[in-house]
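So you can see what is in the structure, the chains are spelled out below.
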Amino acid sequence: MTETVKIDIYANNLVATQAIATQLAQLVSAGTIILLEGNLGSGKTTFIQAFGKSLGIHTTIASPTFTLIDEYTEGRLPLYHIDLYRLERSQVASLHLEEYWRGEDFPLGVVAIEWASKLSNLPPEYLNINLAVVEESLAPQQIQTPLTEISPQHQLAIPSLSDLEGEGDLDQDLAEDFPETRLIELIAHGETYIKLLECFKFSQ
Ligand SMILES: Nc1ncnc2c1ncn2[C@@H]1O[C@H](COP(=O)(O)OP(=O)(O)OP(=O)(O)O)[C@@H](O)[C@H]1O
Ligand SMILES: [Mg+2]
């Protein structure tokens, strides 16, 4: 059985997610396969947009939900961005996606597949990225209190979203009360990807 290593990262906002994608793009090499999973709107396309930018792709990376496969060749490595959302498993099999990681018919690059759970034939090694929205969990006391009981000082204490985005050292607890946080699970399947994750640097 293929060895796996899993890392969980909480990205408190969009910029944090983009930072992880940016760093990952600096570590990948030709032949890298990224299988993305997560509900609608969890951030799969957003992740690949930042990833592609970091690879040196200046073209706007759109969601491939309707195009199915988008190819970008202007970066450090070719990027093949695929979205299986609209397909049945049987249709996915007939796409022969393995051609993208065989490197025979296409120049070897990075293959990033959204809704990868629809794949029937998994590659021997790959990086799995699972994104999940972290719901507003423990709302702060002042938000749960009926409005009439909130003093003006308390109301002022709740920052607006734009305030939070502008603050570099914002209070951790307050930031987590907005549903922008994503749990990003990076799961390396196989030796190549385990080594890749070992190069990952985390800021606390
Ligand atoms: N921390 C975060 N990380 C990623 N996206 C975030 C974050 N906070 C907010 N967002 C927003 O969540 C949305 C994610 O949408 P995106 O299209 O990337 O999701 P998706 O997983 O590709 O959805 P689909 O399954 O429809 O393809 C974007 O509007 C993005 O700006
Ligand atoms: Mg998407």
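No experiment lies behind these values; they were computed from the predicted model shown.

### A closer look at the overall build of the protein chain
A tally of regular secondary structure across the protein chain gives 9 helices and 7 strands. Of all 204 residues assigned to the protein chain, the portion counted as buried reaches 28%.

### Overview of the sheet that holds strand β3 (residues 69-72)
Spatial strand order, β1-β7-β6-β2-β5-β4-β3: 7 strands in an open sheet with mixed pairing. Edge positions in the open sheet fall to β1 (4-11) and β3, since each of these has one partner strand only. With direction set aside, neighbouring strand axes in the sheet form an average angle of 15°. Alignment of β3 against strand β4 (residues 79-83), held across 4 bridges, turns out to be antiparallel. Within β4, the residue paired with Glu71 across the bridge is Tyr80. Running at roughly 135° to strand β7 (residues 182-189), helix α9 (residues 191-198) makes contact with β1, β6 (126-133) and β7 of the sheet.

### Side note on the site of ligand 1
What surrounds ligand 1 is a group of 18 residues, the closest being Thr17, Gly43, Lys44, Thr45 and Thr46. Of all elements in the fold, only α1 (14-27) and α2 (44-55) reach the threshold of two or more residues within the shell around ligand 1. Here the shell around ligand 1 takes 3 residues from α2, the largest share from any one element. Classifying every residue of the shell around ligand 1 gives 4 nonpolar, 10 polar and 4 charged.

### Here we look at the packing of α1 against α2
The N-to-C vectors of α1 and α2 enclose an angle of 45°; their axes lie 8 Å apart at closest approach. Comparing their axes, α2 and α1 come out oblique. As for the relative orientation of α1 and α2, their crossing is right-handed in sense. For the pair α1 and α2, the contacting residues are Leu14, Thr17, Gln18, Ala21, Thr22, Leu24, Ala25 and Gln26 in the first and Thr46, Phe47, Ala50, Phe51, Ser54 and Leu55 in the second. Considered class by class, the residues forming the contact of α1 with α2 number 8 nonpolar, 6 polar and no charged.

### So, the pairing of β7
Bridge analysis of β1 against β7 gives 8 bridges, and the strand direction is antiparallel. The residue of β7 that forms the bridge with Ile7 is Leu186. When β6 meets β7, the two strands line up antiparallel, connected through 8 bridges. By the bridge assignment for β7, Asn128 is matched with Ile187.

### Concerning α1
Over its 14 residues, α1 extends 21 Å from the first C-alpha to the last, a length consistent with the 20 Å expected when each residue adds 1.5 Å. Looking at α1, one finds that the buried residues are Thr17, Ile20, Ala21, Leu24 and Ala25. Buried positions in α1, seen along its axis, are confined to an arc of 140° and lie on one side of it. Within α1, the exposed residues directed more than 90 degrees away from the buried face are Val15 and Gln26. Close packing links the buried residues of α1 with β1, α2 and β7.

### What to know about the environment of Thr22
Within the element layout of this structure, Thr22 appears in helix α1. Here Thr22 falls in the partly exposed class, since 14 other C-beta atoms lie within 10 Å of it. Separated by 30 residues in sequence, Thr22 and Gly52 place their C-alpha atoms 8.0 Å apart. Not counting the four nearest positions on each side in its chain, Thr22 is found in contact with Ala50 and Ser54.

### Examining unusual backbone geometry
Excluding glycine, residues mostly have negative phi values, and the peptide bonds linking residues are mostly trans. Its identity as a non-glycine residue notwithstanding, Leu68 has a phi of 70°, on the positive side. You can see Leu68 is positioned in the loop between α2 and β3.

### Some words on the confidence of the model for the protein chain
Detail in the predicted coordinates should be disregarded across regions flagged by low pLDDT. Across the protein chain, the average pLDDT comes to 82, with 78% of residues at 70 or higher. Note that residues 138-171 has pLDDT below 50 and, in this model, 17 contacts with residues that lie over four places away or in other chains.

The rules behind each value
Residues numbered from 1 in each chain as written. Chains lettered and ligands numbered in written order. Predicted model: local features only at pLDDT ≥ 70, side-chain atom pairs only at ≥ 80, totals over all residues. Helix = DSSP H or I, 4+ residues; strand = E, 2+ residues; numbered from the N terminus. Buried ≥ 20, exposed ≤ 12 C-beta atoms within 10 Å, placed from the backbone. Pairing = 2+ DSSP bridges. Axes fitted to C-alpha atoms, helices over the stretch in contact; angles between N-to-C directions. Contact = placed C-beta atoms within 7 Å. Near = placed C-beta within 6 Å. Nonpolar A, V, L, I, M, F, W, Y, C, P; charged D, E, K, R; others polar. Parallel < 35°, antiparallel > 145°, perpendicular 65-115°, else oblique. Left-handed = near helix turned anticlockwise from the far one by under 90°. Expected span 1.5 Å × (residues − 1). Arc of directions from axis to C-beta. pLDDT = per-residue confidence, 0-100.

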